[in-house]
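# Fold and contact review
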Amino acid sequence: DAKTTQPNSMESNEEEPVHLPCNHSTISGTDYIHWYRQLPSQGPEYVIHGLTSNVNNRMASLAIAEDRKSSTLILHRATLRDAAVYYCILRASHGSGNTGKLIFGQGTTLQVKP
Amino acid sequence: EAGVAQSPRYKIIEKRQSVAFWCNPISGHATLYWYQQILGQGPKLLIQFQNNGVVDDSQLPKDRFSAERLKGVDSTLKIQPAKLEDSAVYLCASSLTTSGADTQYFGPGTRLTVL
């Protein structure tokens, strides 16, 4: 399974944008890039995912490098509720031996200061 | 839409005792996952079901852990006998399919403390 590399921790000020990086140099052409986050004492929750193009949803934006070896999760205006562990995960597409399981790394712990 | 339900939320037992956790996935989700999350680490998959069949249990300590998903809906995860190192949060998740583009939805987890 392809691995990802993320910084252990990052800090941000409230109401400022946050850019969370993820390196995945061994990504295959059919791997989706997923981001989940885990708030304290809760289960992980889905944030966003993409394959090749940049993606936007109500929670965040995902910027994917042209060579797909890295990506960045963008929170446009961080709030105190965004303080969480953010996981960048690669998932193989259906039909390529993929069982759908998520392989979590250590993730990035985001602190948001008021 | 109701989310993934888990019970109990907390459980404290002594080593060598047995314990069981229950999960009710989102209605219509064929795939169900059990993850173990040790403090300070990311979740690790223990077992995955597709309907009521096991797809992946390669990381399940089968000498003490067992799981079933009768009728392809609810699932139970059992530990017997428990060890100190089993202290962790046990997370249940479900998804419609195993597609790489699909989303997994997680329950709140059961925090197990083994004394």
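Structure first, text after, so check above.
Here is a short report on the structure shown in this document. Treat the numbers as computed from the prediction; the structure is a model and nothing was measured. (Residues numbered from 1 in each chain as written. Chains lettered and ligands numbered in written order. Predicted model: local features only at pLDDT ≥ 70, side-chain atom pairs only at ≥ 80, totals over all residues. Heavy atoms only, no water.)

## Structural notes on the overall build of chain A
Check the secondary structure of chain A and you find 0 helices and 9 strands. Overall, chain A shows an N-to-C arrangement of helices and strands of β-β-β-β-β-β-β-β-β. Whereas a compact globule of 114 residues would reach a radius of gyration of roughly 13 Å, chain A reaches 14 Å, a difference of no more than 12%. Across its three principal directions, the C-alpha atoms of chain A cover 45 × 30 × 25 Å. Split into buried and exposed, the 114 residues of chain A put 44% on the buried side. Of the contacts made within chain A by residues no fewer than 6 positions apart, 58% connect residues no fewer than 24 positions apart. By element, 47% of the accessible surface of chain A is carried by carbon and sulfur atoms, the whole surface being about 5,900 Å². (Helix = DSSP H or I, 4+ residues; strand = E, 2+ residues; numbered from the N terminus. Rg over C-alpha atoms; globule rule 2.2 N^0.38 Å. Buried < 20%, exposed > 50% of the residue type's maximum accessible area, 1.4 Å probe, protein only. Contact = heavy atoms within 4.5 Å. Areas by Shrake-Rupley, 256 points an atom, 1.4 Å probe, with all protein chains shown as cover.)

## Digging into the side chain of Ser94 of chain B
Residue and element names in this part refer to chain B. With respect to the secondary-structure elements, Ser94 resides in strand S9 (residues 88–95). The exposure class assigned to Ser94 is buried, which follows from its relative accessible area of 0%. A polar contact of 2.8 Å, which involves the side chain of Ser94, links it to the side chain of His29. Contacts of Ser94, omitting those with residues within four sequence positions, involve Val4, Pro25, Ile26, His29, Thr31, Leu32, Tyr33, Thr103, Gln104 and Tyr105. (Polar contact = N/O pair within 3.5 Å; in protein donor to acceptor, adjacent residues only side chain to side chain.)

## Describing unusual backbone geometry
Of note, the amide linkage connecting Ser7 of chain B to Pro8 of chain B takes the cis form, showing an omega dihedral of -5°. In this fold, Pro8 of chain B is placed in the loop between strand S1 (5–7) and strand S2 (10–13). In this structure, Pro81 of chain B follows Gln80 of chain B across a cis peptide bond, with omega equal to -5°. Position of Pro81 of chain B relative to the elements: it lies in the loop between strand S8 (75–79) and S9. Of note, the phi angle at Glu15 of chain A is positive, near 70°, even though the residue is not glycine. With respect to the helices and strands, Glu15 of chain A occurs in the loop between strand S1 (9–13) and strand S2 (18–23). Within the chain, Asn51 of chain B stands out as a residue other than glycine whose phi angle is a positive 55°. With respect to the helices and strands, the residue Asn51 of chain B is situated in the loop between strand S5 (44–50) and strand S6 (53–56).

## Considering the state of the cysteines
Residues and elements named next belong to chain A. For the coordinates displayed, the defined rule picks out 2 disulfides over all chains. Sulfur-sulfur distance for the disulfide between Cys22 and Cys88 comes to 2.1 Å. Where Cys22 bonds to Cys88 through sulfur, the torsion about that S-S bond is close to -85°, and the disulfide is left-handed. Of this pair, Cys22 sits in strand S2 while Cys88 sits in strand S8 (residues 84–92); the two residues are 66 residues apart in sequence, bridging distant segments of the chain. For the pair Cys22 and Cys88, one class covers both residues: buried. (Disulfide = S-S within 2.5 Å.)

## Describing the interface of chain A and chain B
Across the contact, 23 residues belong to chain A and 23 residues belong to chain B. Summed over the shared surface of chain A and chain B, the number is 1 salt bridge. When the shortest N-O distance is used, the salt bridge between Asp56 of chain B and Lys101 of chain A registers 3.2 Å. Applying the counting rule to chain A against chain B returns 8 residue pairs in polar contact (both at pLDDT 80 or more). (Salt bridge = Lys/Arg side-chain N within 4 Å of Asp/Glu carboxyl O.)

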